[in-house]
Structure formats: C-alpha cells, structure tokens
Amino acid sequence: MIKAVNIKKQFGDVKVLKGITTEFYAGKTNLIIGRSGAGKTVFLKTLVGLIIPTEGDVFYGDTNFTKLEETEIRKIRMDIGMLFQGSALFDSMTVEENIRFPLDMFTNMTKKEKLDQVNFCLERVELEGVNDRYPSETSGGMQKRVGIARAIVLNPKYLFCDEPNSGLDPKTAIVIDELIQRITRDNNITTIINTHDMNSVLGIGENICFLNEGKLEWVGNKEEVLTSKNEILSDFIFASEFLKKVRDQHF
Amino acid sequence: MAQVFSKPEKFSMYWRETARQMDDIGIGSLPIVFLISIFIGAVTAVQFSYQLGSTLIPRYYIGYIVRDMEIIELAPTITCLVLAGKVGSNMAAEIGGMRQKEHIDAMEIMGVNTAAFLILPKVIASLVVMPMLVALSAFLGIFGAYIASVPAGLFSSAEFTLGLRSFFEPYNVFIMFVKAFVFGYILTTVSCYQGYHVKGGSIELGKASTQAVVYSDILILLADYLIAVVLTA
C-alpha cells in the first residue's frame, strides 16, 4: 500500500498540489484522473520521488519515503516499476537489452536465467519473438508493452503508469489496460495509473482519485464514478454532449 | 559530485560503459587528432623557419622549438580545445537527450544512481584516453613538422633531428600529461553537467551543448595558464 499525506508542491508562486491525502491499495488498479493541468503528473512523480514535495509525506507500507536518504530511496526503487508516457525505452538497445537492463544492473543471474526472465516478461505482455528489434522498429503499442515488460522484470511491488494509453488507438489502449490489470492482480502489485482516458476509468478503475486544480476532489470506483453527484467530476466524465445524453438517459 | 563518485551498483556494468566511452572518445577522436596535429606541427615548423630565416640562430633550433611547443602547449591545449568541441558537445547532447526522453528518470526509478552511471565512466575514460591522445598528438605534430619542412628544403633532416635531441627536459613531458589529465577532466565534467541538468526542449539542448563547449574551452584556457604558472615557477 502507498499512502500520500498532505502532499503540497509549489513551483515558484504556482501552487500545483494543494494538500493531497489519499491511499493506493495493493492488488488494485488505482487511477489518478483529472483535467490537463490538474497536477496528475506532478503528483505521480512526487509519489515516486522524482519531484520532492514542498510539504507532506509519502509512505510505502510503513516507510516514510520522503524522509529517506538517497541510498535508501534507491533500495525502495528496486521494488518500483514505471511505465512512462513516452515509454522511455533506450533507443540504442534492443528490446531484449532494454528489458534485461535492470537484471544486468541489480542481479547476479546467469545469462540463461536473464534470457528466461526476459522471455517470461515478453510472454506476459504478449510480445514474444521481438527480442532483437530496436524500439524504433516497433509500434507505439508494442513500445508500451516493452515498457511494461521492463517495469515488471524485477517483480516489483509497486507499478506506476504515466498515461499508458496516450497515443494509442482505443482497441490497443484497452489491451494495455487489461494487461496492466491482469499483472496487478496476479502479482498483487500496488498499481497507480495516471490517465484521462475514459475507457480506462470505466474499464479498470478500482480505486479512482479525481484531482481538480491541485486538490483531491473525489475518491471512488468505476461504478460510483457514473452515479456521483459531484458536479466537477460529472462534468469531467461526461464532457461531450453525447455522453451527457447517455448520462441523462441511463443514470 | 559526491553522487558521481559514489560506489557503483555493479562494477561490470560500469566497466562495460567505461570501455564503450574509451572507444568513443579515443578511437572516435583519432581522425581529428591526426589531422589537426599534423597540420599544427607543419605550420609551426614552417613559420619558425620563416621567422628565424635571417637570424644567426642555428637552424637545428627549429626542431627543438617545435618539440617543446608541441609537448608543453600545442598538443595538450589545442587537442583538448578541439575535443571539447567534438567530445564535449557529444556528451552534453547524449546526456541531455536522455534527460528529455525520460531515460534518466526511467533509470532513477529502477534505482540506478544516474549521476554515477552516466558520468563516472565518461570521466574515467577521458582521464585514461586523453593523455594517450595528447601524447599521440605531440608525436604527430613533430612528424608533421618534419614532413612539411625537410622535403621542402627549409632545413635538413640532420638539423631537425639534432634539434629534437637537444636540451630535452623530461619534466616537460610531465607538464604535458598534467595538462592532458586536467583538461580531460574539465571537458568531461563540464559537458556532462550541462547535459545532465538540461531542461526544456531541443533549443535548450542545443544551448546546453554549446555552453558545454564554451565553458570547457574557457576553463581549459584558464587551467592552462594556472598550470603553466604553477609548474614552471
């Protein structure tokens, strides 16, 4: 479990996060949603320590992550996997080398063991046989899957995904969502997904945190999000005229 | 800086990266070092020959002057100034590009000490390779002086060889290696710093790359003066 307590972040005079307190649960797909500029990415990066909060604490289990020394932070990070918006695959490495990188860096596995683990992860993301391809030789959806494979190769306890569906067609986006949800459940990972994709919200949103102007506006799940009386959330979820008509007819 | 020199997560990975950097900096820089060294040596010999033409100074002094200029000043300084442009800008662009594509963030999340993994191998490779390149440059510079002057009849081969063997101070070679070491350290750390802390888009990356070269060159020239003052006092 990850717990954020009164997280505030200010860049100069601009207050981006205004005191967010929430929890993210193991074995569930936890979603952070909100409009562009609501502070989702800053919040996610604060949770993983890429941004230092102005105020507040992040707890991984019982450990106060924000109070740790750099070397202790790195130890916890070995339990963290992250899928970046642009996948962040190393261009000069093949798919296999990309996924193997954390194993090369942190384990004493033999070459055969590493290859087996890489192939196992590729199998999990349904991407067998692309070991020797370079990221530039793969599609956006494949790159996301490779990114997920790399994120889970060290069997992390925590998985962070920053806009995993950005730039993907709706069908591929659903495949990626389902993949993340399956991995989360199978491995009992605490997964936190930063998204504004409604398919994700309604498909895999088991614990949804809705941010608005740097504040936590609403918390619930995918069933509750449809029936919530919160006007700001409702405006966000049913943004288009078409969805508003659907809401008026069905909810 | 403390993070750069902290204990590596895995020596084999750092060694592999250091070897790659040695290849990039060393082998990759051979053509440009070869070219500039030959021509600088050639120009030095031809111009000294012209300047000493109507004086009573013996011709063999040209060999002596070329040798010491190459060893003390031209090989270390010119080579490192040129390599600040080639290697330094490349390092800043490489690391800066990784920052912009979130590669550095991805490594950080994995638990990698990115300051150490991305910078330390480059610093070590530079400290090992730069003195070799500078020594090669000095040799090529003297060779360039020979092939530009002797066949042209500016002075004889015997005169040039006599000059090369005269008044030799091994301490000058020590000065050359100190300069190579210091300049190599400056150009690597300044360039990596510029790349590592780049923010923004491609324009900022271009600026960082340019700043890496400009700041490296300024610091190399400043260090050149300080080393000259300290080691020849």
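Parameters at a glance
Residues numbered from 1 in each chain as written. Chains lettered and ligands numbered in written order. Predicted model: local features only at pLDDT ≥ 70, side-chain atom pairs only at ≥ 80, totals over all residues. Heavy atoms only, no water. Helix = DSSP H or I, 4+ residues; strand = E, 2+ residues; numbered from the N terminus. Rg over C-alpha atoms; globule rule 2.2 N^0.38 Å. Buried < 20%, exposed > 50% of the residue type's maximum accessible area, 1.4 Å probe, protein only. Areas by Shrake-Rupley, 256 points an atom, 1.4 Å probe, with all protein chains shown as cover. Lys, Arg positive; Asp, Glu negative; His and termini not counted. Charge placed at Lys NZ, Arg CZ, Asp CG, Glu CD. Core = buried A, V, L, I, M, F, W, Y, C linked by side-chain atoms within 4.5 Å. Contact = heavy atoms within 4.5 Å.

Here the focus is the overall build of chain A. Each helix and strand in chain A was counted, giving 10 helices and 10 strands. The C-alpha atoms of chain A give a radius of gyration of 19 Å, which matches the 18 Å a tight globule of 251 residues would have. Counting only C-alpha atoms and orienting by the principal axes, one finds that chain A spans roughly 55 × 45 × 30 Å. Here chain A holds 251 residues, and 53% of them are scored as buried. Accessible surface computed for chain A: about 11,500 Å², of which carbon and sulfur atoms make up 48%. In chain A, which carries 32 positive and 36 negative side-chain charges, the distance between the mean positions of the two groups comes to 2 Å.

Residues and elements named next belong to chain A. One non-glycine residue, Asn-6, lies in the positive phi region at around 50°. Turning to its location among the elements, Asn-6 is positioned in strand S1 (residues 2–11). We note that Ala-88 has phi near 55°; this positive angle belongs to a residue other than glycine. Its location among the elements puts Ala-88 in the loop between strand S6 (80–83) and helix H3 (95–106). For Ala-88, a relative accessible area of 2% corresponds to the buried category.

Residues Phe-101 of chain A together with Met-107, Val-112 and Phe-117 of chain B are the most contacted members of the largest nonpolar core, which totals 49 residues. For this core, the secondary-structure elements that each account for two or more residues are H3 of chain A together with helix H1 (11–51), helix H2 (61–100), helix H3 (103–110), helix H4 (114–149), helix H6 (170–196) and helix H7 (202–232) of chain B. Sort the elements by how many residues they give to this core and H4 of chain B lands first, with 13 residues. In contact with Phe-101 of chain A, other than residues within four places in its own chain, are Phe-90 and Met-93 of chain A together with Met-13, Met-107, Met-110, Val-112 and Phe-117 of chain B. By size, the runner-up hydrophobic cluster in this structure holds 41 residues, among which are Cys-121, Leu-127, Ile-148 and Ile-180 of chain A.

Function cannot be read off these values alone, since they describe shape.
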